[in-house]
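Summary of structural features
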Amino acid sequence: LLGQKEIPFNELEKAGLLNKTKIAEGGKKLRKNWSPSWVVLVGNSLVFFKDPKSQTPSSWKPGNSRPESSVDLRGAKLHWTNELSSKKNVFKLRTVTGNEFLLQSETDSLIREWYTTIQNVIDRLDRE
Ligand code: I3P
């Protein structure tokens, strides 16, 4: 887990509010529980924060709050999905450890940006 003081500011690629649910842990299916999450893409990790109230992408700073969890993007897979949710604009993120998350936004352009940016990080890590 990324500690709150350990996030190097220069590696912060993207931050924003998405709807999130974890659907599997170590390959084992979990019950869905959608909730808004403040999502930060930093270095090789996607970091999730609770309580995104009054955050905006420009005002968020590392150290403001404590991460809820983080995901190592090395070897991860992204897939758009229409089958795993009744919501629109949903993609699945699967880690090498078999943790699966759905991420969603009502805003098409916003979720597409997240997909592309996360995929770029995964591709970069694949080339390393
Ligand atoms: C779930 C809840 C989720 C829904 C899920 C339901 O019910 O309505 O929002 O997922 O559908 O089971 P509950 O609150 O009783 O757990 P989506 O919004 O992503 O469709 P699912 O079981 O078909 O995944």
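In short, a report on the structure.

Rules used in this analysis
Residues numbered from 1 in each chain as written. Predicted model: local features only at pLDDT ≥ 70, side-chain atom pairs only at ≥ 80, totals over all residues. Heavy atoms only, no water. Helix = DSSP H or I, 4+ residues; strand = E, 2+ residues; numbered from the N terminus. Buried < 20%, exposed > 50% of the residue type's maximum accessible area, 1.4 Å probe, protein only. Contact = heavy atoms within 4.5 Å. Pairing = 2+ DSSP bridges. Near = heavy atom within 4 Å. Polar contact = N/O pair within 3.5 Å; in protein donor to acceptor, adjacent residues only side chain to side chain. Areas by Shrake-Rupley, 256 points an atom, 1.4 Å probe, with all protein chains shown as cover. Nonpolar A, V, L, I, M, F, W, Y, C, P; charged D, E, K, R; others polar. Core = buried A, V, L, I, M, F, W, Y, C linked by side-chain atoms within 4.5 Å.

1. A short note on the overall build of the chain
- The number of helices and strands found in the chain is one helix and eight strands.
- Each helix (α) and strand (β) of the chain, taken in turn from the N terminus, gives the series β-β-β-β-β-β-β-β-α.
- Burial analysis of the chain (128 residues in total) assigns 43% to the buried set.
- Taking the contacts inside the chain whose residues are at least 6 apart along the sequence as the reference set, 54% of them involve residues at least 24 apart.

2. Quick look at the pairing of strand S1 (residues 12-25)
- Where S1 lies against strand S3 (residues 35-42), eight bridges are found, and the strand directions are antiparallel. Paired with Leu18 across the strands is Ser37, a residue of S3.
- Note that S1 and strand S8 (residues 100-104) share five bridges and pair antiparallel. If you follow Lys20 over to S8, its bridge partner there is Leu103.
- Direction of pairing for S1 relative to strand S2 (residues 28-29): antiparallel, over a ladder of two bridges. In the sheet register, Ala24 faces S2, and the bridge partner there is Lys29.
- Taken together, S1 and the strand that follows it, S2, pair antiparallel across an intervening segment of two residues, in which Gly26 is found at a positive phi of about 60°.

3. Side note on the site of the ligand
- As a structural note, the neighbourhood of the ligand is formed by Arg31, Lys32, Trp34, Ser85, Ser86 and Lys87.
- Within the side chain of Arg31, an N or O atom sits 3.0 Å from an oxygen atom of the ligand.
- A distance of 2.8 Å separates an oxygen atom of the ligand from a polar side-chain atom of Trp34.
- When the ligand sits alone it has 510 Å² of accessible area, and the protein chains cover 44% of it.
- Grouping the amino acids of the shell around the ligand by side-chain chemistry returns one nonpolar, two polar and three charged.

4. Some details on the nonpolar core
- Grouped together as the largest cluster of nonpolar side chains are 20 residues, with contacts concentrated most on Leu46, Leu73, Phe91, Trp114 and Ile118.
- Elements represented by at least two residues in this core include exactly S3, strand S4 (45-49), strand S7 (90-94), S8 and helix H1 (108-127).
- Looking at this core, the element that brings in the most residues is H1, giving seven residues.
- Excluding residues that lie within four positions of it along the chain, Phe91 makes contacts with Leu78, His79, Trp80, Thr81, Phe101, Leu102, Leu103, Ile111, Trp114, Tyr115 and Ile118.
- In this structure, Ala15, Val40, Val47 and Phe49 belong to the second largest nonpolar core, which totals six residues.

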